[in-house]
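Observations on the three-dimensional arrangement
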Amino acid sequence: MPIIEVNHVTKEYQLGHISSLKENVVNSYRRLVGKPIHKRENFKALDDISFSIEQGEVVGIIGHNGAGKSTLLKHLANISKPTKGSVIVRGSVAPLIEVGAGVNPELTGRENIYLNGAILGIPKKIIQQKMDEIIEFSELEQFIDTPVKRYSSGMTVKLGFSIATSLDADILIVDEVLAVGDLAFQRKCFDRMEDMIKRQGKTVLLVSHNIRQIQRLCNRVILLDHGRINMQGEPQAVCDSFYEQNDKKIKANIDHTKTHTIASGEVELVELYFMDHAKRKVDSLSYNENCSIHFKINVLEELEDVTFGFGFHTTDFLYLTTHNSEEQLNINRLPAGDHELVCKVKRLPLLPGIYSIRFGITAGQAARDVFYGDSLKHFQVVGDIPITIRDGFFALNAHWMEKNINITETAIISTVVV
Amino acid sequence: MIKIVKNLYDYRELIAALVWKNIVLRYKQSYLGFLWAVLKPIMLMLIFTLVRSFVGIDTGNIPYPILTFAALLPWVFFQESASEGVNSVTSNAALIKKIYFPREVFPITAMVTKIVELAISFVILTAMMIYYKMMPTVYALWVPAVIFYTMMVALGISFFGAAINVYYRDMAQALPVVLSLLMYGSPVMYPLSLVHQKLIVEQAAGHWSNNLYTLYTLNPLAGIIDSFQRVMLKGLPPDFEALYPGLVLTLVILPLSYMFFKRAENWFADVI
């Protein structure tokens, strides 16, 4: 039997304010005399959503802002009730919807641990047993008896996360909490989440804008769009589809707003295009094929000591490569006028996916920036990849081998047995 | 009713933790601490005693200050529980939006918090009784029942008011006004025996008198305050004639109020 069942759930919100007394009176009068009443517009935050989750599944929910992710979690945590349909949850739920919801600024860290434990339904005995562990995890030993109002915001969140994850519930509902604290603490949180998922076999529902995290932790992903399930299934496929959607959105935005660049006014980027190995102008590139990238620029004022640089990045601005012309191209003087720069790439190592390109120009002895732009062009890398390469962005030119050829697989097993 | 008790039991640790939080918060960083809790009944007692010296209120053989303090004790408990209870849901909006537990925990918590203050007032009442050399009788065993009844009345108002207050904040504004009016309609400044004397014995309002008296005792606080004074100070059993109209009213209102609250609860997180 599935641990969570969501059957045709629809949630409507009324737009605008709660009706005032006057409106109520007017509406009841109209109802009495049989005239149509003024109804406020409804907004469907969730629109006929159905799915079920089995025990031990880790399900990610992704989607754009306003797609209904948090609303869905609120229904699973029993905080909101659906307008239509039903939600059945068989098991105890630990809602981590926004960590630190119950943290009170006037109380000390230790007092807050007790209070939050009670709010999350952890028996006092268990909290007392786990107290040291919670304090240790939160890294706040020194400040635990200080009121939380004197904590930094990072410290507050650390405290909240430490309490919430010490909870022993069947189902964990997590809304964007892994992005807490500094990097080291984030790492710790992530490890703890993984531990709960992989070793304790808990059912977890995760909402995050960090798609990579979702891809890594989940075994199923649901993509929401305007309150409907757009796609669900295998993380890789769903996330890719989401990236594509995102990409379209970003592309559309770029077409509208040109100003993604910083320019000193001495140079303009006129055109940026790709050519494949057969010297054809293309919009997408092929994995493991040669290609070239062309930058047409218009120099308005003469430049000295010019260096060009470009790089690939993902649509969420993870810089993958940078390549500049410093030692390959020596331009002491670049006169005004149109110029075209070409960078040839041998056997493009980028794995199939959607990427973007950035480009920059520096000039002068001090290498001041005269032009820089991110996300100048979005493009797709296509091609088939061998089975040896699974996830990531790059193909590595690498090869597996066994060093001692005399040891066969059976021999290894027998030594283990001995 | 059974549901309330069950929830009260299931969520006893949560209620205890929230009560403890409320108390700690109120008196943290305050120098006088718990003394503030009893300042209100003491101040009112002093004012009433002063007023009484001008107008003259017959209190029988019991000194006026202790009589009015004994009236203020359940009254202030009721008033504070009800007004805190009505605000309790809206003031915990952050929790309501994030975590689910039965929402009646909030009004109940508000009320239980006030019990602590009530207990401190009891200490003062005891001190006054020692000063006036009054001995409690066996009838003092009625006190828990009277307090329990007061709690039910306060909850009846809290549940309904708290639910309304989520939708219309007018409730929180209106309640203090209504309650301060109700204080004059309750035997706080004057004893119930005075009302009884005027209406039942003297029939001051003609043939309306008996009905008026029933109407007066329909206010549960009339019965509560009178009973409290009788069992604590006078060494008499509660006067059931004064109690039952209010008790009937409470028994009707409390379940309705609770049902209303539970129905409205579903939309708290969306509206608050």
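Computed from a predicted model, the values in this text were never measured in an experiment.

About the thresholds
Residues numbered from 1 in each chain as written. Chains lettered and ligands numbered in written order. Predicted model: local features only at pLDDT ≥ 70, side-chain atom pairs only at ≥ 80, totals over all residues. Helix = DSSP H or I, 4+ residues; strand = E, 2+ residues; numbered from the N terminus. Rg over C-alpha atoms; globule rule 2.2 N^0.38 Å. Buried ≥ 20, exposed ≤ 12 C-beta atoms within 10 Å, placed from the backbone. Contact = placed C-beta atoms within 7 Å. Pairing = 2+ DSSP bridges. Axes fitted to C-alpha atoms, helices over the stretch in contact; angles between N-to-C directions. Nonpolar A, V, L, I, M, F, W, Y, C, P; charged D, E, K, R; others polar. Domains from an automatic or database assignment. Core = buried A, V, L, I, M, F, W, Y, C linked by C-beta atoms within 7 Å. Expected span 1.5 Å × (residues − 1). Arc of directions from axis to C-beta. Parallel < 35°, antiparallel > 145°, perpendicular 65-115°, else oblique. Left-handed = near helix turned anticlockwise from the far one by under 90°. pLDDT = per-residue confidence, 0-100.

A word on the overall build of chain B. When its secondary structure is counted, chain B shows 13 helices and 0 strands. Sequence-ordered secondary structure for chain B, helices as α and strands as β, is α-α-α-α-α-α-α-α-α-α-α-α-α. For 272 residues, the compact-globule estimate of 2.2 N^0.38 gives 19 Å, and the C-alpha radius of gyration of chain B, at 19 Å, lies within 12% of that figure. Seen along its three principal axes, the alpha-carbon backbone of chain B occupies a region of about 55 × 50 × 35 Å. For chain B, the proportion of its 272 residues judged to be buried stands at 38%. Excluding contacts between residues fewer than 6 apart, the proportion of contacts in chain B whose partners are at least 24 apart in sequence is 80%.

The subject of this paragraph is the overall build of chain A. Of regular secondary structure, chain A possesses 9 helices and 20 strands. Residue burial in chain A is summarised as follows: out of 418 residues, 31% are buried.

Turning our attention to the sheet that holds strand S2 (residues 42-53) of chain A. Residues and elements named next belong to chain A. Strand order in this open sheet of 3 strands is S2-S1-S4, and the pairing throughout is antiparallel. The two strands at the open ends of the sheet, each matched to only one other strand, are S2 and strand S4 (84-89). Looking at each pair of strands side by side, their axes are set apart by 25 degrees on average, direction ignored. The pairing of strand S1 (residues 4-14) with S2 spans 8 bridges and is classified as antiparallel. Bridge pairing in S2 links Glu12 to Lys44.

Residues and elements named next belong to chain A. Taking strand neighbours across the sheet as the criterion, the 4 strands line up as S12-S11-S14-S18 in an open arrangement whose pairing is antiparallel. Bordering the open sheet on either side are strand S12 (281-282) and strand S18 (337-345), each of which pairs with just one other strand. With 2 bridges joining them, strand S11 (residues 267-276) and S12 adopt antiparallel strand pairing. Looking at the pairing, Met275 lines up with Lys281 of S12.

Contacts between the two partners involve 18 residues from chain B, matched on the other side by 24 residues from chain A. Every element with two or more residues in the side of chain B that touches chain A is listed here: helix H2 (12-27), helix H5 (93-98) and helix H13 (268-271) of chain B. It is H2 of chain B that contributes the most residues to the side of chain B that touches chain A, 6 residues altogether. Classifying every residue of the side of chain B that touches chain A by side-chain character gives 11 nonpolar, 1 polar and 6 charged.

What follows is about the domain arrangement of chain A. When its domains are assigned, chain A resolves into domain 1 (4-248) and domain 2 (261-382). Between domain 1 of chain A and domain 2 of chain A, the C-alpha centre-to-centre distance is 42 Å.

Residues Ile61, Ile173, Leu205 and Leu206 of chain A together with Ala70, Leu73 and Ile225 of chain B are the most contacted members of the largest nonpolar core, which totals 123 residues. Residues contacting Ile61 of chain A, with those up to four places away along its chain left out, are Lys69, Leu72, Leu205, Leu206, Val207, Ile222 and Leu224 of chain A. Ranked by size, the runner-up nonpolar core spans 22 residues in total, among them Val267, Ile297, Leu303 and Ile357 of chain A.

Another point: H2 of chain B. Residues and elements named next belong to chain B. An ideal rise of 1.5 Å per residue puts 22 Å on 16 residues; H2 measures up with 23 Å between its terminal C-alpha atoms. Those residues of H2 that sit buried are Leu14, Ile15, Ala17, Leu18 and Lys21. Taken end-on, H2 shows its buried residues confined to a sector of 165 degrees, consistent with a single buried face.

Okay, the pairing of strand S3 (residues 58-63) of chain A next. Residues and elements named next belong to chain A. Extensive coverage of S3 is indicated by the burial of 6 of its 6 residues. Of the two faces of S3, both are covered, the one formed by Val58, Gly60 and Ile62 as well as the one formed by Val59, Ile61 and Gly63. As paired elements, S3 and strand S7 (residues 203-207) share 4 bridges and run parallel to each other. Looking across to S7, one finds that Gly60 is bridged to Leu206. Note: S3 against strand S8 (residues 220-225), 5 bridges, orientation parallel. Paired with Val59 across the strands is Arg220, a residue of S8.

For the rest of this paragraph, the subject is the packing of helix H3 (residues 35-55) of chain B against helix H6 (residues 105-131) of chain B. Residues and elements named next belong to chain B. Remark: H3 packs on H6, axes separated minimally by 9 Å, with the N-to-C direction vectors making an angle of 60 degrees. Between H3 and H6, the crossing angle belongs to the class labelled oblique. Crossing handedness for the pair H3 and H6: right-handed. For the pair formed by H3 and H6, the contact residues are Ala37, Val38 and Pro41 on the first element and Glu117, Ile120, Ser121 and Ile124 on the second. For the contact of H3 with H6, the residue count by class is 5 nonpolar, 1 polar and 1 charged.

Our focus in this paragraph is the confidence of the model for chain B. Residues and elements named next belong to chain B. In the predicted model, chain B carries a mean pLDDT of 88, and 99% of its residues have values of at least 70. Model confidence for chain B, summarised as mean pLDDT per element, is weakest for helix H1 (residues 2-10) at 75 and strongest for helix H7 (residues 143-167) at 93. Complex prediction metrics read pTM 0.74 and ipTM 0.77.

Axes are the key here: two packed helices are described by the angle between their axes and the distance separating the axes. Residue and element names in this part refer to chain B. It is the contact of helix H4 (residues 64-88) with H7, at a shortest axis distance of 7 Å, that shows an interaxial angle of 25 degrees. If you check the angle between H4 and H7, you find them roughly parallel. The two elements H4 and H7 cross, and the hand of that crossing is right-handed. Contact residues: H4 offers Pro74, Phe77, Phe78, Ser81, Ala82, Gly85, Val86, Asn87 and Ser88, while H7 offers Val146, Thr150, Val153, Ala154, Leu155, Ile157, Ser158, Gly161, Ala162 and Asn165. Residues belonging to the contact of H4 with H7 are distributed by class as follows: 11 nonpolar, 8 polar and no charged.

So, about the pairing of strand S19 (residues 353-363) of chain A. All names here are of chain A. Burial runs high along S19: 8 of the 11 residues are buried. Strand direction decides the pairing type here: strand S15 (residues 303-314) and S19, joined by 8 bridges, are antiparallel. Within S19, the position partnered with His313 by the bridge is Ser356. Connecting the antiparallel pair S19 and strand S20 (residues 368-382) is a turn made up of 4 residues, with Gly364 showing a positive phi of about 85 degrees.

Inspection of the secondary structure puts Leu35 of chain B in helix H3. Placed 82 residues apart in sequence, Leu35 of chain B and Glu117 of chain B show a C-alpha to C-alpha distance of 9.3 Å.

A few words now on unusual backbone geometry. All names here are of chain A. In this structure, Asn78 is a non-glycine residue whose phi angle is positive, near 70 degrees. Take Asn78: it is sitting in the loop between helix H2 (69-76) and S4. In this structure Asn78 comes out as partly exposed when scored by C-beta crowding, with 16 C-beta atoms within 10 Å.

We now examine the environment of Val89 of chain B. Topologically, Val89 of chain B is positioned in the loop between H4 and H5. As a C-alpha pair, Val89 of chain B and Tyr244 of chain B span 155 residues in sequence and 31 Å in three-dimensional space.

This prediction gives chain A a mean pLDDT of 81; 88% of its residues lie at or above 70. Here residues 411-418 of chain A scores under 50 on pLDDT; set against residues more than four positions off or in separate chains, the count is 1 contact.

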